[in-house]
Amino acid sequence: MNIERPVYLQKLKDRMHDGMIKIITGLRRSGKSYLLFELFRRYLLDSGIRSDHIIGLELDMHSNRKYRDPDILLAYLSEKMNTDGMYYILLDEVQMLKDFASVLNELLHYRNADVYVTGSNSKFLSSDVVTEFRGRGNEIRILPLSFSEYFSAFQGNRDEAWQEYLTYGGLPHILAMKNDEQKIEYLRNLFEMTYIKDIQERNKIRHPAEMEELLDILASATGSFTNPLKLANTFCSKRGIPFSESTIARYCKYLENSFLVNKSLRYDIKGKNYINTPFKYYFEDVGLRNARLNFRQQEENHIMENIIYNELRYRGFFVDVGVVDIREKQSDGKMAHKQLEVDFVANSGSKRYYIQSAFALNSPEKEMQEKRPLLRFNDSFKKIILVRESIKPRRDESGIVTMGILDFLLSPESLEI
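Anyway, here's the lowdown on the structure attached to this text. (Residues numbered from 1 in each chain as written. Predicted model: local features only at pLDDT ≥ 70, side-chain atom pairs only at ≥ 80, totals over all residues. Heavy atoms only, no water.)

Each helix and strand in the protein chain was counted, giving 15 helices and 13 strands. Against the 2.2 N^0.38 benchmark of 22 Å for 417 residues, the protein chain shows a C-alpha radius of gyration of 23 Å, consistent with a compact globule. Once the C-alpha set of the protein chain is aligned to its principal axes, its extents read approximately 85 × 50 × 45 Å. A burial count over the protein chain gives 52% of its 417 residues as buried. When contacts within the protein chain are restricted to residue pairs at least 6 apart in sequence, long-range pairs at least 24 apart make up 68% of them. Counting every atom, the protein chain has about 19400 Å² of accessible surface; 47% of that belongs to carbon and sulfur. Once the 60 positive and 59 negative side-chain charges of the protein chain are each reduced to a mean point, those two points are 3 Å apart. (Helix = DSSP H or I, 4+ residues; strand = E, 2+ residues; numbered from the N terminus. Rg over C-alpha atoms; globule rule 2.2 N^0.38 Å. Buried < 20%, exposed > 50% of the residue type's maximum accessible area, 1.4 Å probe, protein only. Contact = heavy atoms within 4.5 Å. Areas by Shrake-Rupley, 256 points an atom, 1.4 Å probe, with all protein chains shown as cover. Lys, Arg positive; Asp, Glu negative; His and termini not counted. Charge placed at Lys NZ, Arg CZ, Asp CG, Glu CD.)

Our focus in this paragraph is the pairing of strand S10 (residues 351-359). Counting buried positions over the 9 residues of S10 gives 7, a clear majority of the element. Sheet analysis places strand S9 (residues 335-348) next to S10, joined by 5 bridges and oriented antiparallel. Bridge pairing in S10 links Asn347 to Arg352. Looking at chain direction, S10 and strand S11 (residues 382-387) are connected through 6 bridges and run parallel. Bridge pairing in S11 places Ser357 opposite Leu386. After leaving S10, the chain enters helix H14 (residues 364-371) and then returns to the sheet as S11, a path that is right-handed. (Pairing = 2+ DSSP bridges. Right-handed = clockwise from strand over helix to strand, strands pointing away.)

Here helix H11 (residues 245-257) contains 13 residues, and its C-alpha end-to-end distance of 18 Å stays within 8% of the 18 Å for a straight helix at 1.5 Å per residue. Taken as a whole, H11 has its buried residues at Thr247, Ile248, Tyr251, Cys252, Tyr254, Leu255 and Glu256. In the stretch just after H11, Phe259 is the one whose phi turns positive, near 70 degrees. (Expected span 1.5 Å × (residues − 1).)

Here Asp320 shows up in strand S8 (residues 318-329). Summary of buried charges: Asp320 has no salt-bridge partner, and the nearest side chain of opposite charge, Arg352, is 6.7 Å away. A polar side-chain atom of Asp320 sits 2.7 Å from a polar atom in the side chain of Tyr274. Sequence-distant contacts of Asp320, that is, excluding residues within four places in its chain, are made with Ser264, Leu265, Tyr267, Tyr274, Asp343, Phe344, Val345 and Asn347. (Salt bridge = Lys/Arg side-chain N within 4 Å of Asp/Glu carboxyl O. Polar contact = N/O pair within 3.5 Å; in protein donor to acceptor, adjacent residues only side chain to side chain.)

We now examine the pairing of strand S6 (residues 261-268). For S6, a buried count of 6 out of 8 residues is recorded, marking the element as mostly surrounded by other parts of the structure. Here S6 pairs with strand S7 (residues 273-283) via 7 bridges, running antiparallel. The residue bridging Asp268 from the neighbouring strand is Asn273, located in S7. Counted along the chain from S6 to the antiparallel partner S7, the turn is 4 residues long, and its residue Lys272 has a positive phi close to 55 degrees. Both S6 and S8 contribute to a ladder of 3 bridges, which runs parallel. Opposite Tyr267, over in S8, you have Gly322 as the bridge partner.

Turning to the pattern of salt bridges, a few remarks are in order. Counted by the stated rule, this structure contains 21 salt bridges. The closest approach of N and O atoms between Arg50 and Asp52, which form a salt bridge, is 2.7 Å. Among the salt bridges present, the one from Lys183 reaches Glu164, with a minimum N-O distance of 2.5 Å. A residue pair is termed long-range when its members are at least 10 positions apart, and Lys183 in helix H8 (residues 180-203) and Glu164 in helix H7 (residues 158-168) qualify at 19 residues. Each member of the pair Lys183 and Glu164 is classed as buried.

Looking now at the nonpolar core. One finds Leu171, Leu187 and Leu260 to be the most contacted residues of the largest nonpolar core, which totals 38 residues. If you list the elements that add at least two residues to this core, you get H8, helix H9 (208-220), helix H10 (228-239), H11, S7 and helix H12 (286-292). The dominant element in this core, judged by the number of residues it contributes, is H8, at 7 residues. For Leu187, the contacting residues outside a window of four places in its chain are Tyr168, Leu171, Ile174, Gly287, Leu288, Ala291 and Phe295. (Core = buried A, V, L, I, M, F, W, Y, C linked by side-chain atoms within 4.5 Å.)

Pairing is parallel across the open sheet formed by 5 strands, whose spatial order is S2-S3-S4-S1-S5. Both edges of this open sheet fall to strand S2 (54-58) and strand S5 (137-142), since each of them pairs with a single strand only. Each adjacent strand pair in this sheet contributes to an overall mean axis angle of 15 degrees, direction not counted. Examined bridge by bridge, strand S1 (residues 21-26) and S5 share 6 bridges and lie parallel to one another. Opposite Gly26, over in S5, you have Ile142 as the bridge partner. (Axes fitted to C-alpha atoms, helices over the stretch in contact; angles between N-to-C directions.)

Before going further, it helps to spend a moment on the sheet that holds strand S13 (residues 401-404). With respect to topology, 8 strands assemble into an open sheet ordered S7-S6-S8-S9-S10-S11-S13-S12, the strand pairing being mixed. Both outer strands of the open sheet, S7 and strand S12 (394-395), are each paired with one neighbouring strand and no more. In this sheet, S9 lies alongside S8 in antiparallel orientation, the contact comprising 11 bridges. Its bridge partner being in S9, Val324 is matched across the sheet by Leu340.

This next bit is on the environment of Phe154. Checked against the element boundaries, Phe154 lands in the loop between helix H6 (147-152) and H7. Spatially, the C-alpha atoms of Phe154 and Ser331 are 53 Å apart, while their sequence positions differ by 177 residues. Excluding residues that lie within four positions of it along the chain, Phe154 makes contacts with Glu160, Ala161, Glu164 and Leu175.

Take the environment of Glu58 next. Checked against the element boundaries, Glu58 lands in strand S2. On the basis of relative accessible area, Glu58 is assigned to the partly exposed category, the value being 30%. As a C-alpha pair, Glu58 and Glu93 span 35 residues in sequence and 6.7 Å in three-dimensional space. Filtering out sequence-adjacent residues up to four positions away, Glu58 remains in contact with Phe37, Asn64 and Asp92.

All quantities given are derived from atomic positions and should not be read as evidence of function.
The following block contains the structure:
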C-alpha cells in the first residue's frame, strides 16, 4: 500500500545538505521508517542520486545486529563511501547503536555525507535530541496519518472514511487490515505490549497499575480542563488511595514524552498571556485513545475536537485553548466576571486562527453560543466554526466562517477560505 506523506517528505527535502543530522521522531508505528526508506529513498533515486550513494541500514533487524557496534558501523560506512560525490546515510532505529550520540556527532564531520536517522520513542525522544546534539540535530516530528493522508489510501467515500478514522485512528497499518476485529486487536496489543512497556522501562515506573489508571482517566476526559490536583482527586476517588500531585505531574510528563498525549495550555486572548492551569490533554491518535477505553465513550463531538487539534499540529501550528474574560450583567442587575472559551488558538509565525469545534448548530441559540466568545474580542485574525454537517462554507456579517469538518480536513487551503 502506497501512502504519500507530502508534508513530511517536503520537510526532509528542505533540510537536505544543511550540515545537521536529520532526526525523525514520533509515536511508534506512525510511519517513520516508511517515510525514510520508501518515500525519501524514492525521491533521491528519482532526483538522479545513484543507488550506491544511498546507504541504508535498519538496525533493529537481526541480520544487521553487528552494525550496532560503532567501530564496525563506521568501518562499513567508510568502505561504502569509496568514490566522489555526496552520500546519503539512512539509519533506522538508531537508538540500538551503542553510544549512538558520539557516532552521529562523528558523522557530522564527514563532508560528503548527509545523515538521516529514525529513533524509537522508548529510548530516543525530543528531549534526547536537544540534550545530545545541542543544535547539531534537526528534528522532524512525525504524527500518525492526517485524515487527508488516510483518505488518500482508503477504499470508500469520505463519510465512510470519517467513521473508520474517528474509531480506529490514523496509524498507517490500520489501512491494511480487513475487519474490525483485526483493528481492535492491533490497537489494544500495541498499547499494552509496546507503548506502556516502553514508558515503564524508560522511566522505571514503580507503580504501573497507577500509571495505567491515569491513562484511563485522561482518555475519558480528553479535551476537558484538568491539572495535577484535579487528576489526583479523581484518582483518589476512583482508587480509594492517595496519589500525590507531583507524581501525577511526573507521570503525565512521561506520557507526553512518549508521544501518546499532548498538553494544550490556556491563552488569555485579551490579556495576551498564558494561564498555566488548568489545561487540556489530547491523544496523538484517537484510535489508541478509543482502544484504551475498550471502544466505549466514543462521543463523536469529543473525538472530532481531538482530530481538529491533531490536524492543526499536522499543519505546523502551535495550538492553545483560548480564554476570553468578560464582565456581564446578571438577571439581578449585578455585574459578574465570566470566562468564555475558544476551543483553539492556532499560531504559526504571523498567522493566527481562532477555531470552534461545534459539531452541530441545530438552533439559533446553539449558533449564538458558539459565536459568543468570538464576538467578544476584536483583532484582524480569522474566526472559524467547524461543524460535522457537510455544508457550503459561509461567512456572516461579523466575518465568522462556518464550514464542514471534512472540507476543512481534506483541503490544505481550507483556513484561507
